[in-house]
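Report on the structure
Okay, here's what each chain looks like letter by letter:
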Amino acid sequence: MPRESTEAKTARTRKIIAGLKRTYPDAHCELNYTNPLELLIATILSAQCTDKRVNLVTAELFKKYRTATDFAKASLEDLEQAIKSTGFFRNKAKSIKSCCQALVDRHSGEVPRTMELLTELGGVGRKTANVVLGNAFNVNAGIVVDTHVARLSQRLGLTKQKDAEKIERDLIKLVPREHWTNWSHWLIWHGRRRCYARKPDCAHCEVFRLCPSGKIFLRTGEAKKSDATVD
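Residue positions within a chain follow its written sequence, with the count starting from 1. In keeping with the model being predicted, local features are shown solely for residues with a pLDDT of at least 70 and side-chain atom pairs are shown and tallied solely at 80 or more, while totals for entire chains, interfaces and linings include all residues. Derived side-chain values reflect all non-hydrogen atoms in the structure, with water molecules and hydrogen atoms excluded from consideration.

Salt bridges, as used here, are contacts in which a Lys or Arg side-chain nitrogen is within 4 Å of a carboxyl oxygen on Asp or Glu. Inspection of the entire model under this criterion finds eight salt bridges. For Lys63, the salt bridge identified is with Glu60, shortest N-O distance 3.5 Å. Highlighted residues: Lys63 and Glu60, both in helix H3 (residues 51-64), separated by three residues, approximately one helical turn. The same class applies to Lys63 as to Glu60, namely exposed. A salt bridge links Arg194 to Glu206; the nearest nitrogen and oxygen atoms lie 2.8 Å apart. Residue Arg194 is located in the loop between helix H11 (180-193) and helix H12 (214-220), and its partner Glu206 is located in the loop between H11 and H12; the two are separated by 12 residues in the primary sequence. Its relative accessible area of 19% is what places Arg194 among the buried residues. Numbering goes from the N terminus for both helices and strands, where a helix is a DSSP run of H or I of at least four residues and a strand is a run of E of at least two. In this scheme, a residue with accessible area under 20% of its type's maximum is buried, one over 50% is exposed, and one in between is partly exposed, where area comes from a 1.4 Å probe on protein chains only.

Have a look at this one:
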């Protein structure tokens with residue numbers, strides 16, 4: 001295939017946005033939270049864990065610990081036990097306590113609203129900061145790149161990178177800033193509902209005609225089998 005120009009890729013990205021926005025008009029962060037602190041904690045817990053499991057854990061966790069001070073003062077053992085089912089619970093408990101202690105010491109217990117200040121907190125990387133900024137504060141500081149966003153961005157031919165920050169840099173050149181937060185939601189929803197890691201449902205994909213991988217998957221048998229035909 002001929003190399004796609006930047007202008008053509010940008011135009012195709014706009015069409016992908018339109019298609020996904022039409023398909024998932026209510027796409028949103030599927031972690032349950034009622035304030036920025038809860039979203040910050042839930043996002044830390046979501047590493048290598050499903051949102052469904054995190055939501056089960058935080059339903060009880062947020063009843064017991066309501067403020068940054070509560071988390072900072074919690075015993076490490078109690079916190080580990082409360083979040084154990086999310087996996088990697090020892091590291092996550094340490095990150096939560098470190099993060100919340102920093103919130104208390106530097107920010108009066110409040111979650112800061114900038115990338116720089118968030119990423120200075122223990123256990124908070126760029127991805128977590130992007131989740132909090134985009135969803136709790138409606139600040140488009142960057143694009144969340146999780147496994148779904150990385151996989152779909154590669155399949156859609158929008159990046160060849162594998163490193164999350166390099167993928168993000170490619171995407172912010174193509175996706176208009178006002179869509180940065182929703183772009184992640186759309187790709188995550190599409191990844192969970194259509195473009196599966198194994199056997200993607202290309203035959204029913206709403207952006208099939210805009211995806212360079214779709215016809216390859218159908219031709220090679222890597223896509224989910226279906227009676228439907230796609231032009």
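Turning to its location among the elements, Ala150 is positioned in helix H9 (residues 147-155). Taking the C-alpha atoms as reference points, Ala150 and Ile167, separated by 17 residues in sequence, lie 7.0 Å from one another. Pairs of residues are marked as contacts when any of their non-hydrogen atoms sit within 4.5 Å. Excluding anything up to four places from it in sequence, Ala150 contacts Val145 and Ile167.

The nonpolar core is taken to be a set of buried Ala, Val, Leu, Ile, Met, Phe, Trp, Tyr and Cys residues, with the residues joined through side-chain atoms within 4.5 Å. Grouped together as the largest cluster of nonpolar side chains are 39 residues, with contacts concentrated most on Leu40, Ile41, Leu61, Phe71 and Ile96. When residues of this core are traced back to their parent elements, those giving at least two are helix H2 (36-45), H3, helix H4 (68-73), helix H5 (76-83), helix H6 (89-107), helix H7 (115-118) and helix H8 (126-136). Once residues lying within four places of it in the same chain are set aside, the contact partners of Phe71 are Ile41, Leu61, Phe62, Tyr65, Leu79, Ile96, Lys97 and Cys100. Counting 31 residues, the second largest nonpolar core, distinct from the first, contains Ile16, Ile17, Trp183 and Cys205.

Before going further, it helps to spend a moment on the packing of aromatic side chains. Each aromatic pair joins two rings of Phe, Tyr and Trp (for Trp, the six-membered one) with centres within 6.5 Å, and gets the label stacked for planes under 30 degrees apart, edge-to-face for over 60, and tilted for any other angle. For the coordinates displayed, the defined rule picks out two aromatic pairs. Arranged with centres 6.3 Å apart and planes meeting at 65°, the rings of Tyr24 and Trp189 form a pair that is edge-to-face. Pair noted here: Tyr24 is in the loop between helix H1 (6-23) and H2 and Trp189 is in helix H11, with a separation of 165 residues, a long-range link. Each member of the pair, Tyr24 as well as Trp189, carries the same accessibility label: buried.

On to unusual backbone geometry, then. Positive phi, close to 50°, is recorded for Phe88, a residue that is not glycine. Positioned with a positive phi, Ser108 is a non-glycine residue whose angle comes to about 55°. Position of Ser108 relative to the elements: it lies in the loop between H6 and H7. Look at Ser108 and you get exposed, because its relative accessible area is 67%.

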